[in-house]
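Survey of secondary and tertiary structure
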Amino acid sequence: MKALVISVGTGTRPTSKAVKNLAKALAYSIKNHNPDKTFFIVTQQSQKTTLPEILKIIKPKQYETITLKNADNIQAIYETLNPKIKQIRKNFANLTIDYTSGTKAMTAALAILATLHEANTLSYITGKRIGGIVQPGTEQIIPIHPYFATTEQKIKTAIQFFNKTQYATTITILKEIQKTIKDPTITERIKPLLNLAKAYNLWDKFQHQKAFKILKKIKMEELAKNKQFLGQLINKIKENQEPEPYLIADLINNAERRAKEEQKYDDAVARLYRTIELIAQHRLKTKYGINPSEAKTEQIPPELLKKWNIPPQTEKIKLPLEKDYELLNAKGDELGKKYLQDRKLRNLLSKRNTSILAHGLTPVTQETYKQLYQKTIQYAKTAINNLKELLEMSKFIKWKE
């Protein structure tokens, strides 16, 4: 179903001949577009003069008249027509808006509304003019497809979502553009942003290998550090060569995105909690050869086994955060000693345990996040010499355009 919205004026010099010539031009537009329903946008004057002349020439299949009270007030026109055109757009698959005739305020408002509601075609009748009226027999319709304006706004919105780390939403907007716009200039323009949103969306979920597969194909100098980081991380994991420093940096940046861009402090603190745990696990593995996921009881001092109530026949146990640091302390490690004496950190971690995403009902505050973030950086620095470099390499870029 196709709708035509057409503005009806009286011409610059509303003589009887001028009105008839204008009516012929507008009738030509209706005939050419052949809509299922025509919506005439009229003034009180043009409803009495021009519209009857149009209807003498052509009888639309269906038509409706919308009368403007003030044809020179663009805001009033916009407010009158906006809900109507919104409804028309909803009911008709194809919408054409002809803004040839009418006051400057009428034509400007229709052009704006055509863009806002993504009209399929914005139409204008041209030809030889006398007194501002296109003369019969010289009419030519110039169709404009306003997608370039609506698409520009959509791309701008997609970039805003991207820079707020809303990668899934960015992907949805850009895919919708791909479905509706076949202009290669636009599709090629959005491709790098779409691919980067896909890569970051995967990376944000710690799907590093899938993210890297997409990321390495994007030709942008700004992504060199990101590519280097993911490439090195994936190799470390494949070769089982201490990927923890990379994962620690990645977790810290992930937590920062949750907090700064989304204000999801419970999510952010959960990631920092895991980071504090991973720091201890990394120290146990690299310095003492203990795998915290399946620590051999023979590697654990008897006094700790007794304290933890580990049955004598147990060969391996999985160590949680608190036990990781207790074991480090028992080994005489400074990191373990530091943790057990750090009441502030342990209090912050307890707030994570009582959060709604863990075992309690109390949401985490921004202040708790900030304090735990600083503590996490402090502990990470003691375990990773090049932490600053890894954090910089794994930081997601912002899109500039």
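Details of the overall build of the protein chain
- Broken down by element type, the protein chain carries 18 helices and 10 strands.
- The C-alpha atoms of the protein chain give 34 Å as radius of gyration, which overshoots the globular expectation for 401 residues (21 Å, by more than 25%).
- Overall, the C-alpha framework of the protein chain stretches about 110 × 40 × 35 Å when taken along its three principal axes.
- Every one of the 401 residues in the protein chain was classed for burial, and the buried ones make up 48%.
- Looking at the protein chain alone, contacts between residues at least 24 apart form 66% of all its contacts between residues at least 6 apart.
- Summed over its atoms, the accessible surface of the protein chain is roughly 21,100 Å², and 50% of this surface lies on carbon and sulfur atoms.
- Side-chain charges of the protein chain comprise 68 positive and 39 negative groups, with the mean position of each set lying 7 Å from the other.

Points about the packing of aromatic side chains
- Considering all chains together, one arrives at 17 aromatic pairs under this definition.
- Their ring planes at 20° and their centres at 5.9 Å tell us that Phe162 and Tyr200 sit as a pair that is stacked. With Phe162 in helix 6 (residues 147–163) and Tyr200 in helix 8 (residues 184–203), this residue pair connects regions lying 38 residues apart in the sequence. The residues Phe162 and Tyr200 share a single accessibility class, namely buried.
- Judged by centre distance (6.0 Å) and plane angle (20°), the rings of Trp203 and Phe229 are stacked. Taken together, the residues span a long stretch of sequence, with Trp203 in helix 8 and Phe229 in helix 10 (residues 224–239) at a distance of 26 residues.
- Note on Trp203: relative accessible area 1%, which makes it buried.

What about a positive patch on the surface?
- Taken together, the side chains of Lys213, Lys216, Lys217 and Lys238 present a region of like positive charge at the surface.
- One can find Lys216 in the loop between helix 9 (208–215) and helix 10.

Concerning the sheet that holds strand 2 (residues 37–43)
- Taken in spatial order, the six strands line up as 3-2-1-4-5-8 in an open sheet, and their pairing is mixed. If you trace the sheet from one side to the other, it starts and ends with strand 3 (63–68) and strand 8 (140–144), each paired once. Each adjacent strand pair in this sheet contributes to an overall mean axis angle of 20°, direction not counted.
- In terms of strand pairing, strand 5 (residues 121–126) meets strand 8 through five bridges, oriented antiparallel. Residue Leu122 lies in a different strand from strand 8, and its bridge partner there is Ile144.

Digging into unusual backbone geometry
- Of note in the backbone geometry, Asn34 takes a positive phi value of approximately 50° without being a glycine.
- Within the secondary structure, Asn34 is located in the loop between helix 1 (16–33) and strand 2.
- Of note in the backbone geometry, Glu242 takes a positive phi value of approximately 55° without being a glycine.
- In this fold, Glu242 is placed in the loop between helix 10 and helix 11 (244–260).

Section: helix 1
- Here helix 1 spans 26 Å end to end across 18 residues, near enough to the 26 Å set by a 1.5 Å rise per residue.
- Of all the residues in helix 1, the buried ones are Ala18, Val19, Asn21, Leu22, Ala23, Ala25, Leu26, Ala27, Ser29, Ile30 and His33.

Remarks on the environment of Lys37
- By the secondary structure assignment, Lys37 is in strand 2.
- Separated by 36 residues in the primary sequence, Lys37 and Asn73 have C-alpha atoms spaced 27 Å apart.
- Apart from residues no more than four positions distant in its own chain, Lys37 is found in contact with Lys2, Ala3, Leu4, Gln62, Tyr63, Glu64 and Phe92.

Comments concerning the pairing of strand 1 (residues 2–8)
- Most of strand 1 sits out of view: six of its seven residues are buried.
- Sheet topology places strand 1 next to strand 4 (residues 94–98); five bridges connect them, and they run parallel. Along strand 4, the bridge assignment pairs Ala3 with Leu95.
- Relative to strand 2, strand 1 runs parallel, the two being bridged by six bridges. Across the sheet, residue Val8 finds its bridge partner in strand 2, namely Val42.

Some remarks on helix 14 (residues 321–330)
- Listing the buried residues of helix 14 in full gives Leu321, Asp324, Tyr325, Glu326, Leu327 and Leu328.
- Close packing links the buried residues of helix 14 with helix 12 (265–288), helix 13 (302–307), helix 15 (334–341), helix 16 (343–353) and helix 17 (366–383).

A short note on the nonpolar core
- Formed by 80 residues in total, the largest nonpolar core has its most connected members in Leu196, Tyr200, Phe229, Ile300 and Tyr325.
- Beyond its immediate sequence surroundings of up to four residues, Ile300 is in contact with Ala295, Leu305, Trp308, Ile317, Leu319 and Leu327.
- In this structure, Phe39, Ile41, Phe92 and Ala109 belong to the second largest nonpolar core, which totals 23 residues.

A few points about the packing of helix 11 against helix 12
- Between helix 11 and helix 12, the least distance of the axes is 8 Å, while the angle of their chain directions is 165°. With respect to helix 12, the element helix 11 is oriented roughly antiparallel. The way helix 11 lies across helix 12 gives a crossing that is left-handed. From helix 11, Glu244, Pro245, Leu247, Ile248, Leu251, Ile252, Asn254, Ala255, Arg258 and Ala259 reach across to helix 12, where they touch Tyr265, Asp267, Ala268, Arg271, Leu272, Arg274, Thr275, Leu278, Ile279, His282 and Lys285.
- For the contact of helix 11 with helix 12, the per-class residue count stands at 12 nonpolar, three polar and six charged.

Some points on the side chain of Ser394
- The residue Ser394 is located in the segment after helix 18 (387–393) in this model.
- A polar contact of 2.8 Å, which involves the side chain of Ser394, links it to the backbone oxygen of Leu390.
- Look past the residues within four positions of Ser394 in its chain and what remains in contact with it is Trp203, Asn226, Phe229, Ala249, Asp250, Asn253 and Arg257.

Parameters at a glance
- Per chain, residue numbering runs from 1 following the sequence as it is written.
- Since the coordinates come from a predicted model, pLDDT governs what is reported: local features require at least 70, and pairs of side-chain atoms require 80 or more to be given and counted, while whole-chain, interface and lining totals use all residues.
- Processing note: side-chain calculations cover all non-hydrogen atoms of the structure and skip hydrogens and water entirely.
- Only DSSP runs of H or I reaching four residues or more are called helices, and only runs of E reaching two or more are called strands; each is numbered from the N terminus.
- The globule rule used for comparison is 2.2 Å times the number of residues to the exponent 0.38, while the radius of gyration itself is calculated over C-alpha atoms.
- Each residue gets one of three labels from its accessible area relative to the maximum for its type: buried under 20%, exposed over 50%, partly exposed in between, using a 1.4 Å probe on protein chains only.
- Pairs of residues are marked as contacts when any of their non-hydrogen atoms sit within 4.5 Å.
- For every accessible area listed, the method is Shrake-Rupley and the probe measures 1.4 Å; residues are considered covered only by the protein chains on display.
- His is not counted here, nor are the chain ends, while Lys and Arg score as positive and Asp and Glu score as negative.
- Charged groups are reduced to one reference atom each: NZ for lysine, CZ for arginine, CG for aspartic acid, CD for glutamic acid.
- Each Phe, Tyr or Trp ring (for Trp, its six-membered ring) is paired with any other whose centre lies within 6.5 Å, and the angle between the two planes then decides the class: stacked below 30 degrees, edge-to-face above 60, tilted in between.
- The patches reported here contain residues having more than 30% relative accessible area and no salt bridge. Joining distances are 9 Å for like charges and 5 Å for nonpolar side chains (Val, Leu, Ile, Met, Phe, Trp, Tyr).
- Any carboxyl oxygen of Asp or Glu that lies within 4 Å of a side-chain nitrogen of Lys or Arg is treated as forming a salt bridge with it.
- For two strands to count as paired, DSSP must find a minimum of two bridges between them.
- Helix axes use the C-alpha atoms of the stretch in contact, all axes being lines fitted to C-alpha atoms, and the angles between their N-to-C directions lie in the range 0 to 180 degrees.
- Helix span is expected to be 1.5 Å times the residue number reduced by one.
- Definition used in this section: a nonpolar core is a set of buried Ala, Val, Leu, Ile, Met, Phe, Trp, Tyr and Cys residues joined via side-chain atoms within 4.5 Å.
- Angle categories are assigned with fixed cut-offs, so that under 35 degrees is roughly parallel, over 145 is roughly antiparallel, 65 to 115 is roughly perpendicular, and the rest are oblique.
- A clockwise turn of the near helix away from the far one marks a right-handed crossing, whereas an anticlockwise turn of less than a right angle marks a left-handed crossing.
- For this classification, the nonpolar set comprises Ala, Val, Leu, Ile, Met, Phe, Trp, Tyr, Cys and Pro, the charged set comprises Asp, Glu, Lys and Arg, and every other residue, Gly included, is treated as polar.
- For this analysis, a polar contact is any N or O atom pair within 3.5 Å, provided that within protein one partner can donate a hydrogen and the other can accept it, and provided that sequence-adjacent residues contribute only side-chain to side-chain pairs.

All quantities given are derived from atomic positions and should not be read as evidence of function.
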